[in-house]
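Residue-level structure breakdown
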Amino acid sequence: MKALITGITGQDGSYLAELLLSKGYKVYGFSRRTSTTSLGRIEHLVDRITLVSADLLDQNSVTSAVYDIQPDEVYNLAAQSFVPTSWSQPVFTGDVDGLGVTRILEAIRLAKPDAKFYQASSSEMFGNPKESPQRETTPFHPRSPYGVAKTYGHWITVNYRESFGTFACSGILFNHESPRRGLEFVTRKISNAVARIKLGQADTLRLGNLEPKRDWGFAGDYVKAIWLMLQQPQPDDYVVGTGESHTIRELVETAFRAAGIDDWAKYVVIDSDLFRPAEVTSLVADASKARSVLGWRPTVDFRGLVTMMVEADLDLASEPEKQALRRRDSNRAIVAAIE
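Residues numbered from 1 in each chain as written. Predicted model: local features only at pLDDT ≥ 70, side-chain atom pairs only at ≥ 80, totals over all residues. Heavy atoms only, no water.

1. Thoughts on unusual backbone geometry
Cis geometry is adopted by the peptide bond preceding P133, which originates at S132 and carries an omega value of 0°. Counting through the fold element by element, P133 comes out in the loop between β5 (116-122) and α5 (145-164). One non-glycine residue with positive phi stands out, namely Q70, at about 55°. Classification of Q70 by relative accessible area gives partly exposed; the value is 28%. (Helix = DSSP H or I, 4+ residues; strand = E, 2+ residues; numbered from the N terminus. Buried < 20%, exposed > 50% of the residue type's maximum accessible area, 1.4 Å probe, protein only.)

2. Describing the nonpolar core
Membership of the largest hydrophobic core comes to 63 residues, with the highest contact counts inside it found for I5, L20, V27, Y75, Y118, I190 and F256. No other element matches helix α7 (residues 219-229), which puts eight residues into this core. Ignoring any residue separated from it by four or fewer positions in sequence, one finds L20 in contact with A3, I5, Y25, V27, Y75 and W227. Counting 24 residues, the second largest nonpolar core, distinct from the first, contains Y28, A65, I69 and Y160. (Core = buried A, V, L, I, M, F, W, Y, C linked by side-chain atoms within 4.5 Å. Contact = heavy atoms within 4.5 Å.)

3. Here's the deal with helix α1 (residues 11-22)
Residue pairs three or four apart in sequence face the same way in an α-helix, which turns once every 3.6 residues. Taking 1.5 Å of rise per residue, the 12 residues of α1 would be expected to cover 16 Å, and the 17 Å separating its terminal C-alpha atoms lies within 8% of that figure. α1 sits mainly inside the fold: 10 of its 12 residues count as buried. Burial in α1 covers these residues: Q11, D12, G13, S14, Y15, L16, A17, L19, L20 and L21. Those residues of α1 that are buried lie in contact with β1 (2-6), β2 (26-31), β4 (73-76), β7 (176-177), β10 (217-218) and α7. Following α1 by one or two positions, G24 has its phi on the positive side, about 90°. (Expected span 1.5 Å × (residues − 1).)

4. Quick notes on the packing of aromatic side chains
Applying the stated criterion across every chain yields a total of 10 aromatic pairs. Relative to F140, the ring of F126 lies with its centre 5.4 Å away and its plane at 50°, an arrangement referred to as tilted. Of the two residues, F126 is situated in the loop between β5 and α5 and F140 in the loop between β5 and α5; the sequence distance between them amounts to 14 residues. With centroids separated by 5.4 Å and ring planes inclined at 90°, the aromatic side chains of Y222 and W296 adopt a geometry described as edge-to-face. Of this pair, Y222 sits in helix α7 while W296 sits in the loop between α9 (288-294) and α10 (302-338); the two residues are 74 residues apart in sequence, bridging distant segments of the chain. Each member of the aromatic cluster is reached from another via a ring pair, and the members are F126, F140, W155 and F174. (Phe/Tyr/Trp six-rings, centres within 6.5 Å; stacked < 30°, edge-to-face > 60°.)

5. Here we look at the pairing of strand β6 (residues 167-173)
Counting buried residues in β6 gives seven out of seven residues, a clear majority hidden from the surface. Where burial is concerned, the two faces of β6 agree: the one with F167, C169, G171 and L173 and the one with A168, S170 and I172 are both buried.

6. Examining the packing of helix α6 (residues 186-198) against helix α8 (residues 248-258)
Closest axis-to-axis distance for the α6/α8 pair is 10 Å, and the angle between their directions is 30°. Accordingly, the angle class assigned to the pair α6 and α8 is roughly parallel. Of the two possible hands of crossing, α6 and α8 adopt the one that is right-handed. Only I248, L251, V252, A255 and F256 of α8 make contact with α6, whose side of the interface consists of V186, T187, I190, V194 and I197. (Axes fitted to C-alpha atoms, helices over the stretch in contact; angles between N-to-C directions. Parallel < 35°, antiparallel > 145°, perpendicular 65-115°, else oblique. Left-handed = near helix turned anticlockwise from the far one by under 90°.)

7. Brief notes about the packing of helix α4 (residues 90-111) against α5
Interaxial distance between α4 and α5 falls to 8 Å at its minimum, and their mutual angle equals 15°. Viewed along their axes, α4 and α5 adopt a mutual orientation that is roughly parallel. Handedness of the crossing formed by α4 with α5: right-handed. Of the residues in α5, those in contact with P90, T93, G94, D97, G98, L99, V101, T102, L105, E106 and R109 of α4 are P145, Y146, A149, K150, Y152, G153, I156, T157, Y160 and F164. Taken together, the residues that form the contact of α4 with α5 break down as 11 nonpolar, six polar and four charged. (Nonpolar A, V, L, I, M, F, W, Y, C, P; charged D, E, K, R; others polar.)

8. Side note on the sheet that holds β1
Whether parallel or antiparallel, the strands of a sheet pair through hydrogen bonds between backbone atoms. Strand order in the open sheet made by the seven strands is β3-β2-β1-β4-β5-β6-β11, with parallel pairing throughout. Edge strands, defined here as strands with exactly one partner in the open sheet, are β3 (50-53) and β11 (238-240). Here the average twist between neighbouring strands, direction ignored, is 25°. Pairing of β1 with β4, which is carried by four bridges, proceeds in the parallel orientation. Each bridged residue has a counterpart across the sheet, and for A3 the counterpart in β4 is E73. Across the face of the sheet, α1 comes into contact with β1, β2 and β4 while running at roughly 175° to β1. The strands that α7 touches are β4, β5, β6 and β11; relative to β6, the one it contacts most, it runs at about 160°. (Pairing = 2+ DSSP bridges.)

9. Comments concerning empty space enclosed by the protein
The tally for this structure, following the rule as stated, stands at one cavity of 30 Å³ or more. Of the volumes computed, that of the largest cavity is approximately 50 Å³. At the level of elements, α6, α8 and α10 are the ones that each hand at least two residues to the lining of the largest cavity. A total of three residues in the lining of the largest cavity trace back to one element, the largest contributor, which is α6. By residue class, the composition of the lining of the largest cavity is five nonpolar, two polar and no charged. (1 Å grid on protein atoms, 1.4 Å probe; cavity = no way out; pocket = protein on both sides within 12 Å on 5 of 7 lines; lining within 4 Å. Points joined across faces, edges and corners; volume = space filled by probe spheres on them.)

All we've got here are geometric facts, nothing functional implied.
In structure tokens:
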């Protein structure tokens, strides 16, 4: 089996690549040709995967890649995925997160029509939801350019499925995090700052609104649901989440507690500039369809996820000190040998 992953260098792409390799797949990934390419999350996999130069903004490169690879499965995880950036770059976000999906679907239709396709949809499509919890049939009401673009990507996937018979699935994934999450995302921003505060490398954590509630799960769990969607006899769309929601305030408290700090409030500074123009106040998943049809269950709970991230950032933040100690010990050994 051959799988093509767009966004393979991201959080989800790295976990999905690991999963597919463990199942014996030959894994390909898109890599944009830039002056600098970050392979940090897949550095341990580069000798086991094949990177192909392609860009979701360029139809010809996408179609050529699909034609050359002839993948059995295509996973579209590439996106401009940071919601605040979508407000400053709405056109770019729409081009990548919306029309980029069309380009991949069109490439599959032209070059490998029997390939199975997965689209990474988002809970941000619900935005200001009409019901709670949110399920596959909940109407969309996106509240950011990112959410709007993802909604287009979702519906064009449905359209190719209904119009051309493409085996196309959308996973409406709620917030999923890990130690591989980018530092710009609030979960990683919090875990990283808490680690640095614990080690005396920082003394404040600047945040916006602490009251929005999200359904947070572990990305390593969620890629299993992604893979399972393409193993079903018929394509369909699935909500994936834990069914629990927590405020950002709870996340902050849990993170500081994981680092052994009880009085978290004295370190947190509320910055009004970090508030969203249109806030999504509460999201929580009804993943009963994924549980019953896919047999999927999350294995990491909220506290376990936050603790995992804080502990990983403590290790990362202390690494320079560990390197300094290793250099000191090495120098001492050299001096002792000379003496």
